Amino acid sequence: MSVNKEMKRVSTAMLQAMKERQEKISMLTSYDYSMAKMVDQAGVDVILIGDSAANVFAGYETTLPITLDNMIYHAAAVARGTERAMVLADLPFGSYQGSANEAYNAAVRMMKESGAHALKLEGGLEIIENIKKIIAGGIPVCGHLGLTPQSINKFGNFGVRAKEEQEAAKLIEDALALQEAGCFAIVLEKIPAKLAKTVTEKLAIPTVGIGAGPDCDGQVLVINDMLGMNADFKPKFMRHFANLHEQITTAVANYVAEVKAVQYPNEDEQY
Ligand code: KIV
């Protein structure tokens, strides 16, 4: 990495400055080199290697099965494809909840082996000591509150979180604790827009929402979903910015037809 490239790279300080000047932060997931390269070139500020790779890449129903080795593989591919965006990697289920030392060791492996610049962990006060240990090691951490898919078996569904007063109060308490612990940002997933606004106003650090309304400091979406690659998945908050499901299936069907009809390759497409 040249000095010049490093100078252009989005940093935690740049995200903080964006909150302060009220410039919205754009974040999207990517899981592979080619997609990350396009997402980076299009100007996204942060590329998240979400453990949603378990769903959209591996076809699992939940994010629980994906391993630290799997996540390192995806994150390293994404890191190789980017020049400007911050590369933020999820630590997967089971790699950081057990103890501060386990969390630190998982974090160090991810940073050393993938080239990511920061890590995202799900949870609040229950894992605060583990987060502090990682941050003490010089690794920037982004929190994740609201719908935390790694705890799906505890909650039992993927519905909106913190609609009740008690859960909302706990979420605010968690957000303040994460800020106090030194997190540089917090993802707020699938919570009422009004609560996301309150949290965003209470915090000095940026919030990045998914299904959390327009008042967060930034927005994040799963790239496969926003590109319309999975025609069946369209929760209320999702906007399809493309219809790749249709475009890809049409392109592939055209290829099949042209191969069968010996129209591909033609005279210009051979040696
Ligand atoms: O894993 C993921 O893609 C995420 C986003 C939904 C924020 O955590």
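Every value quoted in this text rests on a predicted model; they were computed, and no experiment measured them. (Residues numbered from 1 in each chain as written. Predicted model: local features only at pLDDT ≥ 70, side-chain atom pairs only at ≥ 80, totals over all residues. Heavy atoms only, no water.)

A. Examining the site of the ligand more closely. Near the ligand you find Thr29, Leu48, Gly50, Asp51, Ser52, Asp90, Lys120, His144, Val187, Glu189, Ile210 and Val222, and these make up its full shell. Take Ser52: an N or O atom from its side chain is 2.5 Å from an oxygen atom of the ligand. Contacts to the ligand include Lys120, whose side-chain N or O atom sits 2.8 Å from an oxygen atom. Contact with the protein chains removes 95% of the 260 Å² of surface that the ligand exposes when unbound. Here the residues of the shell around the ligand are counted per class, giving four nonpolar, four polar and four charged. (Near = heavy atom within 4 Å. Polar contact = N/O pair within 3.5 Å; in protein donor to acceptor, adjacent residues only side chain to side chain. Areas by Shrake-Rupley, 256 points an atom, 1.4 Å probe, with all protein chains shown as cover. Nonpolar A, V, L, I, M, F, W, Y, C, P; charged D, E, K, R; others polar.)

B. Geometry of the pairing of strand 3 (residues 86-90). With five of five residues buried, strand 3 lies mostly within the body of the structure. Neither face of strand 3 is open: one carries Met86, Leu88 and Asp90, the other Val87 and Ala89, and all of them are buried. Here three bridges tie strand 3 to strand 4 (residues 118-120), and the two strands are oriented parallel to one another. Across the sheet, Asp90 pairs through a bridge with Lys120, a residue of strand 4. Following the backbone out of strand 3, through helix 6 (residues 100-114) and into the adjacent parallel strand 4, one traces a crossover that is right-handed. (Buried < 20%, exposed > 50% of the residue type's maximum accessible area, 1.4 Å probe, protein only. Helix = DSSP H or I, 4+ residues; strand = E, 2+ residues; numbered from the N terminus. Pairing = 2+ DSSP bridges. Right-handed = clockwise from strand over helix to strand, strands pointing away.)

C. Fine view of the UniProt feature "binding site: 3-methyl-2-oxobutanoate" (unreviewed entry) in the protein. Under the local residue numbering, the UniProt record ascribes the feature "binding site: 3-methyl-2-oxobutanoate" (unreviewed entry) to Asp51, Ser52, Asp90 and Lys120. Across 70 residues of sequence, these annotated residues stay compact in space, with a maximum C-alpha separation of 12.5 Å. For Asp90, the position within the fold is in strand 3. Those residues in contact with Asp90 that sit more than four places away from it in its chain are Leu48, Ile49, Gly50, Asp51, Met71, Met110 and Lys120. Topologically, Lys120 is positioned in strand 4. A relative accessible area of 3% means that Lys120 is categorised as buried. (UniProt positions renumbered as here; feature names shortened; annotations may be inferred. Contact = heavy atoms within 4.5 Å.)

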